[in-house]
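Residue-level listing of the chains:
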Amino acid sequence: MSSTKEKSAVEVGASATESDNNTTESIIDISEKIKSYSENITAILDSLSKTLRLTDAGKNIVSIVPVTVPKVNTAYAGVAARVTYKNGHMKDIDIDCDSGIAAVFDVAKCLCY
């Protein structure tokens, strides 16, 4: 058996009166980490357009960009992925409130069917 005594959680903890000078920095660090995990829908759609151009079905795609569009019969606006083709034709695909993967799925689904 070891002769060293382990400290309990109470003995290890800091007292309630001690102040932590790094509190503000910790909050800023955490908020920056949260921001870094948010999805960049513009980059996702740009990458998707490049990928689709490698296929026969998508070879005429010039770009896919997110745009704000008015919702039908309401005062609200939504987000759509605007697919632009070489011949100038544009198609808007609703991606409002979608995550990155859901936007990829919605665009692929609309272009395939």
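For the structure itself, consult the block above.
Scope of this entry: the structure provided in the associated data block. (Residues numbered from 1 in each chain as written. Predicted model: local features only at pLDDT ≥ 70, side-chain atom pairs only at ≥ 80, totals over all residues. Heavy atoms only, no water.)

**Comments concerning the packing of helix α3 (residues 41-52) against helix α4 (residues 100-112)**
Phase 1: The N-to-C vectors of α3 and α4 enclose an angle of 35 degrees; their axes lie 10 Å apart at closest approach. Where α3 crosses over α4, the handedness of that crossing is right-handed. Counting all contacts with α3, which are made through Ile41, Ile44, Leu45, Leu48 and Leu52, the residues of α4 involved are Gly100, Ala103, Val104, Val107 and Leu111.
Phase 2: Looking at the contact of α3 with α4 residue by residue, the classes come out as nine nonpolar, one polar and no charged. (Axes fitted to C-alpha atoms, helices over the stretch in contact; angles between N-to-C directions. Helix = DSSP H or I, 4+ residues; strand = E, 2+ residues; numbered from the N terminus. Left-handed = near helix turned anticlockwise from the far one by under 90°. Contact = heavy atoms within 4.5 Å. Nonpolar A, V, L, I, M, F, W, Y, C, P; charged D, E, K, R; others polar.)

**Quick notes on the sheet that holds strand β3 (residues 90-94)**
Hydrogen bonds along the backbone pair up the strands of a sheet, which may run parallel or antiparallel.
Phase 1: Strands sit in the order β1-β2-β3 across an open sheet of three strands; the sheet is antiparallel. Strands with a single pairing partner mark the edges of an open sheet, and in this sheet they are β1 (61-70) and β3. Strand-to-strand twist of the sheet, defined as the mean angle between neighbouring strand axes without regard to direction, takes the value 30 degrees.
Phase 2: Where strand β2 (residues 77-85) lies against β3, five bridges are found, and the strand directions are antiparallel. Counted as the bridge partner of threonine 84 is methionine 90 from β3. (Pairing = 2+ DSSP bridges.)

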